[in-house]
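The primary structure of each chain is shown beneath.
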Amino acid sequence: MTAAPQPRATTSTGTPPGGAPSPDLILGEDGLVRPRWAATDPLLREYYDTEWGMPVRDERGLFERLSLEAFQSGLSWAIVLRKRPAFRHAFAQFDPEAVADYDDADVDRLLADAAIIRNRAKILATIGNARATLALREEGGLASLVWGFQPAQTPRPTTVADIPTASPESRALAAALKARGFRFVGPTTAFALMEAVGMVDTHLVGSHRRGTSGVWPASE
């Protein structure tokens, strides 16, 4: 994980300087302002503070996050995050070359692994997506494709309700991935991926993480 970024200035109520307080921000005991979903669970707080929204531009890192977003579909992210070490073990640290070689015996092994989410369709999609990732190398690679859909602007949400669940860019990215054989990559999953890897900054205005990715300044 990357090192925790330095917080930007906020008031004790989670108010950006000159702005109104957000009902979805909480001031932690450490003096840092976070959204409610990241304010209490230690695992979610660590993920929020150190990783979520930070740029990921390498093939393996993007394949892992794309795979985890697919497994999260229909479930809570906390469930996936708690199972992340087991997922990494089960899927060869998300090395796409290794996963692309998985066969029926590996599928049976994964379906018997209670430490991960045992969903046949998602397991098969992950293996297929590994193969699609390797094929993408002829076009410049997964990172080049994904980051090619970075929007010209990022949202500036002040409440959770302000955060979109999809965008024109995520719809286009989902279509591009599907055209290349990827599965479980709808517009909502694609947007969640874009949030997770820093392509958009959906940290709430007033959060200590807003504008810390190096991709988007806090003022955007």
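Throughout what follows, the structure given in this document is the object of discussion. (Residues numbered from 1 in each chain as written. Predicted model: local features only at pLDDT ≥ 70, side-chain atom pairs only at ≥ 80, totals over all residues. Heavy atoms only, no water.)

Section: the overall build of the chain
Phase 1 of the analysis: Helices and strands together make up the secondary structure of the chain, namely 10 helices and 2 strands.
Phase 2 of the analysis: Tracing the chain from N to C terminus, the helices and strands come up as β-β-α-α-α-α-α-α-α-α-α-α.
Phase 3 of the analysis: What you see for the chain is a C-alpha radius of gyration of 18 Å, in line with the 17 Å of a compact globule of 220 residues.
Phase 4 of the analysis: The buried share of the chain, reckoned over its 220 residues, is 51%.
Phase 5 of the analysis: Within the chain, contacts between residues separated by at least 24 positions form 67% of all contacts whose residues are at least 6 apart in sequence.
Phase 6 of the analysis: When the accessible surface of the chain is summed, it comes to about 10,000 Å², and 53% of that surface belongs to carbon and sulfur atoms.
Phase 7 of the analysis: Averaging the positions of the 24 positive and the 26 negative side-chain charges in the chain gives two centres separated by 3 Å. (Helix = DSSP H or I, 4+ residues; strand = E, 2+ residues; numbered from the N terminus. Rg over C-alpha atoms; globule rule 2.2 N^0.38 Å. Buried < 20%, exposed > 50% of the residue type's maximum accessible area, 1.4 Å probe, protein only. Contact = heavy atoms within 4.5 Å. Areas by Shrake-Rupley, 256 points an atom, 1.4 Å probe, with all protein chains shown as cover. Lys, Arg positive; Asp, Glu negative; His and termini not counted. Charge placed at Lys NZ, Arg CZ, Asp CG, Glu CD.)

Section: a negative patch on the surface
Phase 1 of the analysis: Taken together, Asp101, Asp103, Asp104 and Asp108 make up a surface patch of like negative charges.
Phase 2 of the analysis: Take Asp108: it is sitting in helix α6 (residues 104–111). (Patch = residues over 30% accessible without salt bridge, like charges linked within 9 Å, V, L, I, M, F, W, Y side chains within 5 Å. Salt bridge = Lys/Arg side-chain N within 4 Å of Asp/Glu carboxyl O.)

A word on the packing of helix α9 (residues 168–179) against helix α10 (residues 187–196)
Phase 1 of the analysis: Here α9 crosses α10 at 110°, and the two axes come no closer than 8 Å. On the basis of their axis angle, the class for α9 and α10 is roughly perpendicular. Remark: the crossing between α9 and α10 carries right-handed chirality. Facing α9, whose interface residues are Glu169, Ser170, Arg171, Leu173 and Ala174, α10 presents Pro187, Ala190, Phe191 and Met194.
Phase 2 of the analysis: Of the residues belonging to the contact of α9 with α10, the class tally is 6 nonpolar, 1 polar and 2 charged. (Axes fitted to C-alpha atoms, helices over the stretch in contact; angles between N-to-C directions. Parallel < 35°, antiparallel > 145°, perpendicular 65-115°, else oblique. Left-handed = near helix turned anticlockwise from the far one by under 90°. Nonpolar A, V, L, I, M, F, W, Y, C, P; charged D, E, K, R; others polar.)

Regarding the layout of surface pockets
Phase 1 of the analysis: Roughly 510 Å³ of volume is contained in the largest pocket.
Phase 2 of the analysis: The wall of the largest pocket is formed by 19 residues, among which Trp37, Trp52, Ile163, Ala192 and Glu195 lie closest to the centre.
Phase 3 of the analysis: Sort the elements by how many residues they give to the lining of the largest pocket and α10 lands first, with 4 residues.
Phase 4 of the analysis: Within the lining of the largest pocket, the residues separate by chemical class into 12 nonpolar, 5 polar and 2 charged. (1 Å grid on protein atoms, 1.4 Å probe; cavity = no way out; pocket = protein on both sides within 12 Å on 5 of 7 lines; lining within 4 Å. Points joined across faces, edges and corners; volume = space filled by probe spheres on them.)

A closer look at helix α2 (residues 59–72)
Residue pairs three or four apart in sequence face the same way in an α-helix, which turns once every 3.6 residues.
Phase 1 of the analysis: End to end, α2 covers 20 Å across 14 residues, agreeing with the expected 20 Å (1.5 Å per residue, within 8%).
Phase 2 of the analysis: Among the 14 residues in α2, 12 count as buried, and that is most of the element.
Phase 3 of the analysis: Every buried residue of α2 is accounted for by Gly61, Leu62, Phe63, Glu64, Arg65, Leu66, Ser67, Leu68, Glu69, Ala70, Phe71 and Gln72.
Phase 4 of the analysis: The inward-facing, buried residues of α2 abut α3 (77–82), α4 (84–90), α5 (96–100), α7 (120–135), α8 (142–147) and α10.
Phase 5 of the analysis: Gly74 occupies a position one or two residues after α2 and carries a positive phi of about 85°. (Expected span 1.5 Å × (residues − 1).)

Concerning the side chain of Glu69
Phase 1 of the analysis: On the secondary structure map, Glu69 appears in helix α2.
Phase 2 of the analysis: The side chain of Glu69 sits in the buried core without any salt bridge; Arg65 is the nearest counter-charge, 7.9 Å away.

A word on the packing of α2 against α10
Phase 1 of the analysis: Between α2 and α10, the shortest axis-to-axis distance is 10 Å and the interhelical angle comes to 135°. Comparing their axes, α10 and α2 come out oblique. The two elements α2 and α10 meet at a crossing, and its hand is right-handed. Counting all contacts with α2, which are made through Arg65, Leu66, Glu69 and Ala70, the residues of α10 involved are Thr189, Ala192, Leu193 and Ala196.
Phase 2 of the analysis: A per-class count over the contact of α2 with α10 returns 5 nonpolar, 1 polar and 2 charged.

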